[in-house]
Amino acid sequence: MAQDLPVRHNILMMKRRDWITGTAALAAQAAVAQTGGGKNVVIASANGLRACAAAAEILKRGGDTLDAVIAGVNINEEDPEDNSVGYGGLPNEEGVVELDASVMHGPTRRAGSVASIQGVKTPSKVAKLVMEQSDHVMLVGEGAGRYARAYGFRQENLLTEKSRLAWLVWKQSQRDGGGHNNWTDGLDAPAGKATGKPSALRRAFPEAGEELLAWAAEMARRPPAGTINCLGRNAKGEISGVTTTSGLAWKIPGRVGDSPIIGAGLFVDPDVGGAGSTGRGEENIRVAGAHTIVENMRHGMSPKDACLDCLKRISRNYGDDRERLGKFDIKFYALSKDGVFGSASLWNGSMRQGKLAPAQFAVNDGGKSRLEDCAFLLERKP
Ligand code: GLY
């Protein structure tokens, strides 16, 4: 203990401690200066360039951090072309779109979420309603839908023609042991005419071009688990986050991923920062990813290293077997309360039409939103 030491030693210790503290403080200040301390910072998954821009605009006007990130992801939720979120999201195995979302508001330390909700384009708004207007944290399924309708949310069909086409292609791709599928032309087709191929798709979707059909075939082959996570921090150091998704395509009805699970798809601690995830939720739930990352940051890891550590836990769950790990993708995003941010992906990228598309995330720390490369744990060779 310092008081038991000789005076001279004690003074030396104090000087050294002061020096260390001063150096650490200077380093911390430099890091903050480089990464946006005192600034508004918004980060999101790669589909969140517009979300980051919209959220940053709200933060610039002095808006609340949660309102900002929700307004950001509402763009994706309402966009029929984003097939991983909200309206136009890929449906469950019965062709019904089921959505999951969660929100966390740093300044009030509150959380809300909904899971398996149907018919509402913007589940992130319903999650906020659960947080603010109920004494619960999570509502699921029919109850979540009824709750949303009680507050005036319109019940809408969320299945777009594009997503319906993809679902039908997936239905037609399922075969029994004999290679048969009840959703293609049948045994009673004119003699010699049965093909077992999805020829009726051409009649059902006359507008569908080759590109759209190729996309639908790819969705059937590799069911995606896309999502948007968005974290926002204002100049005062307040932080909030949201994660919203249509979940894993062709899932069993009622399947809930990581996005609405507080501590998995999203976690915010205003004393430390926030984290979120996109990709295969089952893996994330098993490592309580977002909470793990925030705890890593609390214990001194940078956001990037905190995300990489979490990915190592996922890899460990598979005995680091690259073959099984190669069957899925998952990414984490983290933002500290000081405005330092980072992201890491299990893989360096994903293969698209024979090419490697790099794993990236979206950032807006003033000016235009941009994409940055994620750190990664494993390398996929093209
Ligand atoms: N991360 C989205 C999901 O697995 O549902």
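The structure displayed is predicted, hence computed values, not measured ones.

Q: Would you explain the site of the ligand in this entry?
A: In the vicinity of the ligand, the residues found are Ala225, Thr227, Thr245, Gly247, Leu248, Arg255, Gly257, Asp258, Ser259, Gly279, Arg280 and Gly281. Take Asp258: an N or O atom from its side chain is 2.6 Å from a nitrogen atom of the ligand. Contact between the ligand and Gly281: an oxygen atom at 2.8 Å from a main-chain N or O atom of the residue. Coverage of the ligand by the protein chains reaches 100% of its 200 Å² of free accessible surface. Of the residues that constitute the shell around the ligand, the class distribution is 2 nonpolar, 7 polar and 3 charged.

Q: Sorry if this is basic, but what is going on with the pairing of strand β8 (residues 273-279) here?
A: The side chains of a regular strand alternate between both faces of the sheet. Most of β8 is tucked away: 7 of the 7 residues are buried. Both faces of β8 are covered, namely the face carrying Gly273, Ala275, Ser277 and Gly279 and the face carrying Gly274, Gly276 and Thr278. As consecutive antiparallel partners, strand β7 (residues 266-269) and β8 are separated by 3 residues. By the bridge criterion, 7 bridges tie β8 to strand β9 (residues 330-336) in an arrangement that is antiparallel. For Ser277, the partnering residue across the bridge sits in β9 and is Phe332.

Q: I'm lost on unusual backbone geometry in this one. Help?
A: Leaving glycine out, the prevailing phi sign among residues is negative, and the prevailing peptide bond configuration is trans. A positive phi angle, near 65°, is found at Trp250, a position not held by glycine. Within the element layout of this structure, Trp250 appears in the loop between β6 (239-245) and β7. Positive phi values are uncommon outside glycine, yet Ala288 reaches one of about 40°. Inspection of the secondary structure puts Ala288 in the loop between α9 (281-285) and α10 (289-298). Judged by its relative accessible area of 32%, Ala288 is partly exposed.

Q: Which parts of the structure should I look at to understand the sheet that holds strand β13 (residues 360-364)?
A: In sheet architecture, strand pairing relies on hydrogen bonds along the backbone and comes in two forms, parallel and antiparallel. With respect to topology, 8 strands assemble into an open sheet ordered β4-β3-β2-β6-β5-β1-β13-β14, the strand pairing being mixed. In this open sheet, the two edge strands, each paired with only one partner strand, are β4 (138-140) and β14 (370-373). Strand-to-strand twist across the sheet, computed as the mean angle between neighbouring axes with direction ignored, equals 15°. For strand β3 (residues 110-117) and β4, the ladder comprises 3 bridges, and the chain directions are parallel. For Val114, the partnering residue across the bridge sits in β4 and is Leu139. Across the face of the sheet, helix α4 (residues 123-133) comes into contact with β2 (99-105), β3, β4 and β6 while running at roughly 130° to β3.

Q: Honestly, the packing of helix α3 (residues 65-78) against α4 in this entry has me stumped. Any pointers?
A: How two helices pack is summed up by the angle between their axes together with the distance between the axes. The N-to-C vectors of α3 and α4 enclose an angle of 150°; their axes lie 8 Å apart at closest approach. Here α3 lies roughly antiparallel to α4, going by the angle between them. Of the residues in α4, those touching α3 at Leu66, Asp67, Ile70, Val73, Asn74 and Glu77 are Pro123, Ser124, Lys125, Lys128 and Met131. Its residues assigned to classes, the contact of α3 with α4 comprises 5 nonpolar, 2 polar and 4 charged.

Q: Any chance you could explain α4 here in plain terms?
A: Since the α-helix packs 3.6 residues into each turn, any two residues three or four apart lie on the same face. Here α4 lies mainly inside the structure; 8 of its 11 residues are buried. Taken residue by residue, α4 has Pro123, Ser124, Val126, Ala127, Lys128, Leu129, Val130 and Met131 as its buried positions. Tucked inside the fold, the buried residues of α4 contact α3, β2, β3, β4, α5 (141-150) and β6.

Q: What am I meant to see in the pattern of salt bridges here?
A: Should the charged atoms of two oppositely charged side chains come close, the side chains can pair. Following the criterion strictly, the structure yields 26 salt bridges and no others. In this structure, Arg109 engages Asp271 in a salt bridge whose closest nitrogen and oxygen atoms are separated by 2.9 Å. Here Arg109, found in the loop between β2 and β3, pairs with Asp271, found in the loop between β7 and β8; they are 162 residues apart in sequence, far enough to count as distant. Here the salt bridges share partners, and the residues they tie into one network are Arg109, Asp269, Asp271, Glu295 and Arg298.

Q: It is not clear to me how the sheet that holds strand β10 (residues 341-347) should be interpreted in this structure. Could you clarify?
A: Here 5 strands make up an open sheet; going across it, the order is β7-β8-β9-β10-β15 and the pairing mixed. Where the open sheet ends on each side, the last strands, each with one partner, are β7 and β15 (375-378). Ignoring which end each strand starts from, the neighbouring axes of this sheet average 15° apart. Relative to β15, β10 runs parallel, the two being bridged by 3 bridges. Among the inter-strand pairings, Ala344 is bridged to a residue of β15, identified as Ala375. Strands β9, β10 and β15 of the sheet are contacted by helix α11 (residues 303-317), whose axis makes an angle of about 25° with β10.

Analysis parameters
Residues numbered from 1 in each chain as written. Predicted model: local features only at pLDDT ≥ 70, side-chain atom pairs only at ≥ 80, totals over all residues. Heavy atoms only, no water. Near = heavy atom within 4 Å. Polar contact = N/O pair within 3.5 Å; in protein donor to acceptor, adjacent residues only side chain to side chain. Areas by Shrake-Rupley, 256 points an atom, 1.4 Å probe, with all protein chains shown as cover. Nonpolar A, V, L, I, M, F, W, Y, C, P; charged D, E, K, R; others polar. Buried < 20%, exposed > 50% of the residue type's maximum accessible area, 1.4 Å probe, protein only. Helix = DSSP H or I, 4+ residues; strand = E, 2+ residues; numbered from the N terminus. Pairing = 2+ DSSP bridges. Axes fitted to C-alpha atoms, helices over the stretch in contact; angles between N-to-C directions. Contact = heavy atoms within 4.5 Å. Parallel < 35°, antiparallel > 145°, perpendicular 65-115°, else oblique. Salt bridge = Lys/Arg side-chain N within 4 Å of Asp/Glu carboxyl O.

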